[in-house]
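Each chain is listed here by its residues.
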Amino acid sequence: MLDNRSEFERVLYDGKFRILLSEEQIDARIRELGKEISRDYRTKNPIMIGVLNGGFIFMADLVRYIEIDLEVDFIKISSYGDATTTSGSVKMLKDINAEIRNRHILVVEDIVDTGLSFQFLTKKFGKFEPASLEFVSLLQKKDNARVDYHIKYLGFDIPNEYVVGYGLDHKQILRNLPSIYVMD
Ligand code: IMP
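Anyway, here's the lowdown on the structure attached to this text.

The rules we used
- Residues numbered from 1 in each chain as written.
- Predicted model: local features only at pLDDT ≥ 70, side-chain atom pairs only at ≥ 80, totals over all residues.
- Heavy atoms only, no water.
- Near = heavy atom within 4 Å.
- Polar contact = N/O pair within 3.5 Å; in protein donor to acceptor, adjacent residues only side chain to side chain.
- Areas by Shrake-Rupley, 256 points an atom, 1.4 Å probe, with all protein chains shown as cover.
- Helix = DSSP H or I, 4+ residues; strand = E, 2+ residues; numbered from the N terminus.
- Nonpolar A, V, L, I, M, F, W, Y, C, P; charged D, E, K, R; others polar.
- Phe/Tyr/Trp six-rings, centres within 6.5 Å; stacked < 30°, edge-to-face > 60°.
- Buried < 20%, exposed > 50% of the residue type's maximum accessible area, 1.4 Å probe, protein only.
- Lys NZ or Arg CZ within 6 Å of the ring centre and 35° of its normal.

**Section: the site of the ligand**
Working step 1: Near the ligand lie 16 residues; those nearest to it are Asp110, Asp113, Thr114, Ser117 and Val163.
Working step 2: With respect to the ligand, the backbone of Gly115 contributes an N or O atom lying 2.9 Å from an oxygen atom.
Working step 3: Contact distances for the ligand include 2.6 Å between an oxygen atom and a side-chain N or O atom of Ser117.
Working step 4: When isolated, the ligand has an accessible area of 490 Å², and the protein chains bury 92% of it.
Working step 5: Elements with a contribution of two residues or more to the shell around the ligand: β5 (104-112) and α4 (116-126).
Working step 6: For the shell around the ligand, the residue count by class is seven nonpolar, three polar and six charged.

Written as structure tokens, this is what we have:
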């Protein structure tokens, strides 16, 4: 029989994808991160730099749990293409517009996997001598790290498996799943 369902529907109904983090778990953790950031950055008017594309949903939810003045900007980088492992080189596809010298910068990532994007962004933003530079990441695959990095605000440590949903894609689709799934 011909299967006309979308990939989105298959994830939800076929059982080939295991749920890793539910909408409720993600929301509860982001609420906590928002509280911590509000407390730590109270008088600092930080610029939060969202990393596209994967970080767009996390960024949007996180800023709404932060109760202090802040600014936002976005950078777009790519290391995976359409594959499920990193190409090993990071390309910048869109730069930020904000002036970041002497400002408090919080980079907002969907996931830190090998750490190569983290390293690229640290070097890039570090050159402009911000007052401080810290990272927020919803997810971390610690076992896959290729470089040293430190995430100040981390959502969840996850196993070294490919995940989709809540902003994370497979071949550019499945970002709109509200929960996070492991692809078997
Ligand atoms: P890194 O440079 O290897 O740390 O990879 C960072 C980027 O790779 C993330 O911002 C994601 O866009 C992508 N990525 C890494 N792991 C996954 C995954 O499991 N699912 C979807 N995208 C991923």
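**Focus on the packing of aromatic side chains**
Any pair of aromatic rings gets described here by the distance separating the centres and the angle formed by the planes.
Working step 1: Considering all chains together, one arrives at three aromatic pairs under this definition.
Working step 2: Arranged with centres 5.4 Å apart and planes meeting at 40 degrees, the rings of Phe118 and Tyr149 form a pair that is tilted. Of this pair, Phe118 sits in helix α4 while Tyr149 sits in the loop between β6 (132-140) and β7 (153-157), placing them 31 residues apart in sequence. Of the two residues, Phe118 and Tyr149, neither departs from the other in class, the shared state being buried.
Working step 3: Here a set of aromatic residues connected by ring pairs shows up, and it is made of Phe118, Phe135 and Tyr149.
Working step 4: The cationic tip of Lys44 hangs over the ring face of Tyr41; the distance from NZ or CZ to the ring centre is 5.4 Å.

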